[in-house]
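Summary of structural features
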Amino acid sequence: MRLQIIANPDMPYHKSEDYESIMVPVLRASGHSVSMSTNHADLNAEVLSNTDVLLLYTTGGHLEPAQEQALVDFVRRGGGLVGIHCAADSFKDSQVYMDLICGRFVHHPAHQVFHIQIRDSAHPITAGLEDFDVYDELYLMETQPQRYHLLVSCPWEGADRDVAWVREEGQGRVYYCSLGHTPEALAHPSVQQLHLRGCEWAARLL
């Protein structure tokens, strides 16, 4: 799998160096080719033409029309799109992007230990995983649940909050997981498995 990660430049949180130091070794240890950029302009047709899966660990930003089209074409023609945590707080003025990942960040409670529930234990991404607790930041989002298949949720304030899901777009696959704000979460074995398997599923390796 050729995995292209686009992350944040010089952020006080959602740090590219955290993802690079904690998660990239896990991805490479599984035999995958990983490239990482902190330039949002690298989301373009040329880069995507040499990519199997695009992983976004970005915050904010703006997609130009050509970037929107390149991303949609990439997925619909069979590419994989993986959004991790802050990807739901990215490119928020783009309805095209929102319709791809089906989640838009609204707010979050304070960092604390959350109980994470596996909702579909038969899916290749979650097979064999059990419910777990993790210190992280829980995203409360606007979502499009009718357009995705839910894998993971978290009970919060009397309701189940969607945490990870999958969907297909044309010939491509999309996976989103909101876990991964804190280094503690990125280092959690179950979170690492969700991120790794999400990429592999998006690449049709699972």
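The shown structure was predicted, so the numbers you read here are calculated from the model rather than taken from an experiment.

1. Some details on the sheet that holds strand β11 (residues 172-177)
The strand order across the open sheet built from nine strands is β2-β1-β3-β4-β11-β10-β9-β6-β7, with neighbouring strands paired in mixed fashion. The sheet terminates laterally at β2 (33-37) and β7 (132-136), the two strands that pair on one side only. Recorded for the sheet is a direction-independent mean angle of 20° between the axes of neighbouring strands. Of the pairings in the sheet, the one linking strand β9 (residues 149-156) to strand β10 (residues 159-169) comprises seven bridges and is antiparallel in character. Note on β10: the bridge partner recorded for tryptophan 156 is alanine 159. Of the strands in this sheet, β3 (53-57), β4 (80-84), β10 and β11 are in contact with helix α4 (residues 65-76), which crosses β11 at around 110°. In this fold helix α7 (residues 189-202) packs onto β1 (2-7), β3, β4, β7, β9, β10 and β11, with an angle of close to 165° to the strand it touches most, β11.

2. Looking at the pattern of salt bridges
Summed over all chains, the structure comprises seven salt bridges. Salt-bridge contacts for glutamate 169 lead to arginine 167; the nearest nitrogen and oxygen are separated by 2.9 Å. Among the residues examined, glutamate 169 registers a relative accessible area of 13% and is labelled buried. The exposure class of arginine 167 is buried, given its relative accessible area of 8%. Through salt bridges that share partners, Arg76, Arg167 and Glu169 make up one connected network.

Conventions and cut-offs
The written sequence of each chain sets the order in which its residues are numbered from 1. Under the rules for a predicted model, residues below a pLDDT of 70 receive no local features and side-chain atom pairs below 80 are neither given nor counted, while totals for whole chains, interfaces and linings still include all residues. No hydrogens and no water enter the side-chain calculation; it runs on all heavy atoms of the structure. Following DSSP output, two strands are said to pair if at least two bridges run between them. Helical segments are the DSSP runs of H or I of at least four residues, strand segments are the runs of E of at least two, and each set is numbered from the N terminus. Axis definition: a line fitted to C-alpha atoms, over the contacting stretch in the case of helices. Angles run 0 to 180 degrees between N-to-C directions. Any pair of residues with heavy atoms lying within 4.5 Å of one another is described as a contacting pair. For this document, the term salt bridge refers to a Lys or Arg side-chain nitrogen within 4 Å of an Asp or Glu carboxyl oxygen. For the exposure calls, accessible area comes from a 1.4 Å probe over protein chains only, and a residue counts as buried if that area is under 20% of its type's maximum, exposed if over 50%, partly exposed in between.

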